[in-house]
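Observations on the three-dimensional arrangement
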Amino acid sequence: MPNRLENPALGAHMQPFAGIPTFMRQPASRDLIEVDVAVMGVPFDGGTSYRSGTRLGPRKIREASLMLWGYNNALQVSPLDHLDVVDYGDVNVVPVSIEATMAAITAEAAAVIQSRTTLLTLGGDHSITLPLLRAHAAAYGPLAVVHFDSHPDTWESEFGGQLCSHGTPFRRAIEEGLIDTSAYIQVGIRGSTSGPDDLLEARQLGAHILPIEAVFDLGIAAVSQQIRAMMGTRQVYVSLDIDVVDPAYAPGTGTPEVGGLSSFHILQLVRGLRGLNLVGVDLVEVNPAYDHSDITSILAANLAFEFLSLLALAKQDKK
Ligand code: MN
Ligand code: MN
């Protein structure tokens, strides 16, 4: 691989309007030798129940990432100084087949994980988390999971039978033994459901639910503390559905729920994961078609930057 620092076409130092829009202008590469983090897109929205369009999420988040300068003032780290990051490109999804797409996601994710590279995946709708969890659990065993969302995504079925959708991934993952339910927390749950049993069923499956009312009653710092206490030293997978954020801040999503977090709240909650043993992250449900002034994609790019910062700090701490 060319020396990235000497490549004038790459790097976070460039002006935001210049350059090829890979994630933070990192090299587009599938050569993972000595690569710490691969940013991978999954442009798939075939699991969407309402407004589709998240297939265009990865591209838009990449474009928004060009506005990120390199230094994180809140966490006091320049992630790209500590991590070798590549933009892995996108999974070759099949728009008309969720089964074929899931198989492709699991295979691609497994290839990355086998190279000891951490995956930061940009969706795509939330159905993609199931195949991502399959690949991660195959490598690490059942995972502790921090799940930011306004929806529990633990429905038995959305469209009948065993069909998967973005409303079912976490039920399937629990059934398949991919999640260590002693350390599975859902944060920000709210909105109307089909009945009183939806959240009850999620809890019976093993999810510890912190509804939005509890998040605001406790406060962000106490919630972060609770998450860290539950996760401990386990290997943690984080799945962040952008609809956990209020549609006033993140309108670009398929199934918005009012009364959610602000951009600042979610940034603080992600920063609050500092110290956890993160083995994989996904950021899903960004739908540029319903966005305004790209504010949702800009928030998503910033959240990805926060995750990179956490991974950089973890690498620093290991030394
Ligand atoms: Mn959701
Ligand atoms: Mn979701």
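Per chain, residue numbering runs from 1 following the sequence as it is written. As a convention, the first chain written is A and the first ligand written is 1, with the rest following in written order. Two thresholds apply to this predicted model, a pLDDT of at least 70 for residue-level local features and 80 or more for giving and counting side-chain atom pairs, whereas whole-chain, interface and lining totals are computed over all residues. The side-chain quantities take in all heavy atoms of the structure and omit both hydrogens and water.

Attention now moves to the packing of helix 1 (residues 57-65) against helix 10 (residues 295-318). Axis lines are fitted through C-alpha atoms, for helices just across the contact stretch, and the angle between N-to-C directions can take any value from 0 to 180 degrees. A run of DSSP states H or I qualifies as a helix once it reaches four residues; a run of E qualifies as a strand once it reaches two. Both are numbered from the N-terminal end. Between helix 1 and helix 10, the shortest axis-to-axis distance is 8 Å and the interhelical angle comes to 70°. By the angle class used here, helix 1 and helix 10 are roughly perpendicular. Of helix 10, the residues touching helix 1 (which contributes Lys60, Ile61, Ala64 and Ser65) are Ser297, Ile298, Ala300 and Ala301. Residue type decides the class: Asp, Glu, Lys and Arg count as charged, Ala, Val, Leu, Ile, Met, Phe, Trp, Tyr, Cys and Pro as nonpolar, and the leftover types, Gly among them, as polar. Split into classes, the residues belonging to the contact of helix 1 with helix 10 amount to 5 nonpolar, 2 polar and 1 charged. The cut-offs work like this: below 35 degrees is roughly parallel, past 145 is roughly antiparallel, 65 to 115 is roughly perpendicular, and the gaps in between are oblique. In what follows, residue pairs with any heavy atoms lying within 4.5 Å of each other are defined as contacts.

Here we take up the coordination of the manganese ion (ligand 1). Think of the donor list as every N, O and S atom within 2.8 Å of the metal, or within 3.2 Å for Na, K and Ca; water never makes the list, so a site can look incomplete. Listed as protein donors to the manganese ion (ligand 1) are Asp149 (OD), His151 (ND1), Asp241 (OD), Asp243 (OD) and Asp243 (OD); their distances from the metal cover 2.1 to 2.5 Å. Counting the intervening residues between successive donors of the manganese ion (ligand 1) yields the motif D-x1-H-x89-D-x1-D. Between the manganese ion (ligand 1) and the manganese ion (ligand 2), a separation of 3.2 Å is found, and both are coordinated by Asp149. Note that His151 is positioned in the loop between strand 4 (143-148) and helix 5 (169-175) and Asp241 in strand 7 (residues 235-241), a separation of 90 residues in sequence. With respect to class, His151 is no different from Asp241; both count as buried. Only protein chains enter the accessibility calculation, which uses a 1.4 Å probe; a residue whose area is less than 20% of its type maximum is buried, one above 50% is exposed, and one in between is partly exposed.

The next thing to look at is helix 8 (residues 220-231). The periodicity of an α-helix, 3.6 residues per turn, causes residues three or four positions apart to be oriented the same way. In a helix, the anticipated span is given by 1.5 Å times the number of residues less one. If you check helix 8, its first and last C-alpha atoms are 17 Å apart, about what 12 residues at 1.5 Å a residue would give, namely 16 Å. All buried positions along helix 8 are accounted for by Ile220, Val223, Ser224, Ile227 and Met231. Buried residues of helix 8, viewed axially, fall in a sector of 100°; they line one side. Away from its buried face by more than 90 degrees, helix 8 exposes Ala221, Gln225 and Ala229. Against the buried residues of helix 8 lie strand 4, strand 5 (179-189), strand 6 (208-211), helix 7 (212-218), strand 7 and helix 9 (263-271). A positive backbone phi angle near 55° is found at Gly232, which sits one or two residues after helix 8. Here the arc refers to the directions that run from the helix axis out to each C-beta atom.

Before going further, it helps to spend a moment on the pattern of salt bridges. Salt bridge criterion: a side-chain nitrogen from Lys or Arg within 4 Å of a carboxyl oxygen from Asp or Glu. A full pass over the atoms with the stated rule returns 14 salt bridges. Of the charged contacts, one joins Arg172 and Glu156 as a salt bridge, the two residues approaching to 3.5 Å between their closest N and O atoms. Taken together, the positions of Arg172 in helix 5 and Glu156 in the loop between strand 4 and helix 5 put the pair 16 residues apart, joining distant regions of the chain. A residue is classified by how much of its surface remains accessible, and Arg172, at 4% relative accessible area, is buried. Judged by its relative accessible area of 33%, Glu156 is partly exposed.

With that settled, the discussion passes to the environment of Val187. Locating Val187 in the fold gives a position in strand 5. On the accessibility criterion, Val187 (0% relative accessible area) is buried. With near-sequence residues (within four places) excluded, Val187 lies in contact with His147, Phe148, Asp149, Leu210, Val215, Val223, Ile227, Val244 and Leu269.

Classification of ring pairs uses Phe, Tyr and Trp, with its six-membered ring standing for Trp, and accepts pairs whose centres are within 6.5 Å; under 30 degrees between planes counts as stacked, over 60 as edge-to-face, and the remaining range as tilted. This structure, assessed with the given rule, holds 1 aromatic pair. Pairing Phe170 with Tyr184 gives two aromatic rings, centres 5.8 Å apart and planes at 20°, and the pair type is stacked. Here Tyr184 lies in strand 5 and Phe170 lies in helix 5, a separation of 14 residues in the sequence. Across the pair, exposure class does not vary: Phe170 and Tyr184 are buried alike. Note that Arg30 overlies the ring of Tyr88, its terminal NZ or CZ placed 4.3 Å from the centroid. Definition used: whenever NZ (Lys) or CZ (Arg) falls within 6 Å of the ring centre and also within 35 degrees of the ring normal, the charge is taken to sit over that ring.

Cis rather than trans, the peptide bond between Gly123 and Gly124 has omega equal to 10°. The residue Gly124 is located in the loop between strand 3 (118-123) and helix 4 (129-140) in this model. A positive phi angle is found at Met24, which is not glycine, with a value near 50°. Position of Met24 relative to the elements: it lies in the segment before strand 1 (37-42). A positive phi angle is found at Arg116, which is not glycine, with a value near 60°. Judged by its relative accessible area of 75%, Arg116 falls in the exposed class.

Moving on, we come to helix 1. For helix 1, the set of buried residues is Gly57, Pro58, Ile61, Arg62, Ala64 and Ser65. Taken down its axis, helix 1 places every buried residue within 165° of arc, on the same side. Looking at the buried side of helix 1, the elements it contacts are strand 1, strand 2 (85-90), strand 3 and helix 10.

Okay, the coordination of the manganese ion (ligand 2) next. Protein-derived coordination of the manganese ion (ligand 2) comes from His126 (ND1), Asp149 (OD), Asp153 (OD) and Asp241 (OD), at a distance range of 2.1 to 2.2 Å. Exposure remark for Asp153: the relative accessible area of 8% places this residue in the buried category. Exposure remark for Asp241: the relative accessible area of 1% places this residue in the buried category.

It is worth spelling out the side chain of Asp243 at this point. Looking at where Asp243 falls in the secondary structure, it is placed in the loop between strand 7 and helix 9. For the charge count, each Lys or Arg is scored as positive and each Asp or Glu as negative, with His and the chain ends excluded. Buried charge without a salt bridge: Asp243, with Arg190 as the nearest opposite-charge side chain at an N-O distance of 5.7 Å. With residues up to four places along the chain from it excluded, the contact list for Asp243 reads Asp149, Ser150, His151, Arg190, Thr253 and Thr255.

Any functional reading would require information that these geometric values do not contain.
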